[in-house]
Amino acid sequence: DAGVIQSPRHEVTEMGQEVTLRCKPISGHDYLFWYRQTMMRGLELLIYFNNNVPIDDSGMPEDRFSAKMPNASFSTLKIQPSEPRDSAVYFCASSLGPLNTEAFFGQGTRLTVV
Amino acid sequence: AQTVTQSQPEMSVQEAETVTLSCTYDTSENNYYLFWYKQPPSRQMILVIRQEAYKQQNATENRFSVNFQKAAKSFSLKISDSQLGDTAMYFCASFNTDKLIFGTGTRLQVFP
């Protein structure tokens, strides 16, 4: 398996535009996590899915953020409209189960909103 | 609420020396897992070591070992014989009730 794949690696967009980040988890992993990393706040859990179902989205900062997982091999994180304070690195991670395995991370998407 | 605290924003160590990174956590669960992840400048998150809360024995992976004090909810990482390649951000994380929560990280610089 190629690991968790995120696209794009880098995204630069203008304030007000819609941004969509994509993630392909490792095949067979039941859990998928979206994190945001900033210098000020470190790694924040935004939302996670179990078997494609959103379980906890309490970390999603605002209604401008939404995430979907239409099938076991694909998830998106959308920001609409984007703002400069959304600039961060967004990570997707997947794991086999809730407790007994490590989470495997993608290489992240560096988002810059100007 | 589940929290993970790393009180050392930055640490430095000379090559071949030993360094210990601190982590405390808070959870109401009895069964959980603790992790240390490394994030080098490449940005990739790499698992360093994992500890199961119900195991008394401290986990060890080559030069990396932990000091797990369950009653104190403490989970420190010891790096022995530090190498230049150990320079990275180190994150402590707690995994229980389905969530993987990270601390704010410790930036470790290894000097020659």
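In case you missed it, the structure is sitting above this.
What comes next is a walk through the structure. (Residues numbered from 1 in each chain as written. Chains lettered and ligands numbered in written order. Predicted model: local features only at pLDDT ≥ 70, side-chain atom pairs only at ≥ 80, totals over all residues. Heavy atoms only, no water.)

**Re the overall build of chain A**
Thought 1: Tallying secondary structure elements over chain A gives zero helices and eleven strands in all.
Thought 2: Tracing chain A from N to C terminus, the helices and strands come up as β-β-β-β-β-β-β-β-β-β-β.
Thought 3: C-alpha atoms of chain A, sized along the principal axes, occupy 40 × 30 × 25 Å.
Thought 4: For chain A, the residues scored as buried account for 50% of the 114 residues in total. (Helix = DSSP H or I, 4+ residues; strand = E, 2+ residues; numbered from the N terminus. Buried < 20%, exposed > 50% of the residue type's maximum accessible area, 1.4 Å probe, protein only.)

**Observations concerning the sheet that holds strand β8 (residues 74-79) of chain A**
Residue and element names in this part refer to chain A.
Thought 1: Strand order in the open sheet formed by four strands is β1-β3-β8-β7, and the pairing between neighbours is antiparallel. Every interior strand has two partners, whereas the edge strands, β1 (5-7) and β7 (65-71), have only one. The mean inter-strand angle of the sheet, taken between neighbouring strand axes irrespective of direction, is 15 degrees.
Thought 2: Direction of pairing for β1 relative to strand β3 (residues 19-24): antiparallel, over a ladder of three bridges. (Pairing = 2+ DSSP bridges. Axes fitted to C-alpha atoms, helices over the stretch in contact; angles between N-to-C directions.)

**Quick look at the layout of surface pockets**
Thought 1: One number sums up the size of the largest pocket: a volume of about 630 Å³.
Thought 2: Lining the largest pocket are 25 residues; nearest its centre among them are A:Gln37, A:Met39, B:Gln39, B:Met89 and B:Arg107.
Thought 3: Put simply, the parts of the chain that give the lining of the largest pocket at least two residues each are β4 (31-38) and β9 (88-95) of chain A together with β10 (88-96) and β12 (106-111) of chain B.
Thought 4: Along the lines of polarity and charge, the residues of the lining of the largest pocket split into eleven nonpolar, nine polar and five charged.
Thought 5: Space inside the second largest pocket adds up to approximately 210 Å³.
Thought 6: Along its surface, the second largest pocket is lined by 15 residues, and A:Leu43, A:Glu44, A:Leu45, A:Gly59 and B:Ile101 are the ones closest to its centre.
Thought 7: Elements with a minimum of two residues in the lining of the second largest pocket: β5 (42-50) of chain A together with β11 (99-102) of chain B.
Thought 8: Looking at the lining of the second largest pocket, its residues break down into seven nonpolar, four polar and four charged. (1 Å grid on protein atoms, 1.4 Å probe; cavity = no way out; pocket = protein on both sides within 12 Å on 5 of 7 lines; lining within 4 Å. Points joined across faces, edges and corners; volume = space filled by probe spheres on them. Nonpolar A, V, L, I, M, F, W, Y, C, P; charged D, E, K, R; others polar.)

**Some words on the state of the cysteines**
Residues and elements named next belong to chain A.
Thought 1: Evaluation of the coordinates by the stated rule reveals two disulfides over all chains.
Thought 2: Two residues, Cys23 and Cys92, share a disulfide whose sulfurs are 1.9 Å apart. Between Cys23 and Cys92, the disulfide has an S-S torsion of -65 degrees and is therefore left-handed. Separated by 69 residues along the polypeptide, Cys23 in strand β3 and Cys92 in strand β9 bring together distant segments of the chain. Of the two residues, Cys23 and Cys92, neither departs from the other in class, the shared state being buried. (Disulfide = S-S within 2.5 Å.)

**Some words on the environment of B:Leu21**
Residue and element names in this part refer to chain B.
Thought 1: With respect to the helices and strands, Leu21 occurs in strand β3 (residues 19-21).
Thought 2: Residue class for Leu21 comes out buried when judged on its relative accessible area of 0%.
Thought 3: In this structure, the C-alpha to C-alpha distance between Leu21 and Asp81, residues 60 residues apart in sequence, is 14 Å.
Thought 4: Excluding residues within four positions of it along the chain, Leu21 makes contact with Gln8, Met11, Trp36, Ser76, Leu77, Tyr90 and Thr106. (Contact = heavy atoms within 4.5 Å.)

**So, the packing of aromatic side chains**
Thought 1: Evaluated as defined, the whole model comprises 17 aromatic pairs over all chains.
Thought 2: Judged by centre distance (5.4 Å) and plane angle (85 degrees), the ring pair of A:Tyr35 and B:Phe102 falls under edge-to-face. Taken together, the residues A:Tyr35 in strand β4 and B:Phe102 in strand β11 connect one chain to another.
Thought 3: Overall, A:Tyr35 belongs to the buried group, its relative accessible area being 0%.
Thought 4: Residue B:Phe102 is classed as buried on the basis of its relative accessible area of 6%. (Phe/Tyr/Trp six-rings, centres within 6.5 Å; stacked < 30°, edge-to-face > 60°.)

**Notes on the interface of chain B and chain A**
Thought 1: Counting from both sides, the interface comprises 20 residues of chain B and, opposite them, 27 residues of chain A.
Thought 2: At the boundary of chain B with chain A, total buried surface from both sides reaches about 2100 Å², with 53% on carbon and sulfur atoms.
Thought 3: Of all residues in chain B, B:Arg43, B:Phe95 and B:Asp98 bury the most surface against chain A, accounting for 33% of the area lost on that side.
Thought 4: On inspection of chain B and its partner chain A, the count reaches zero salt bridges. (Buried area = accessible area lost by both parts, 1.4 Å probe. Salt bridge = Lys/Arg side-chain N within 4 Å of Asp/Glu carboxyl O.)

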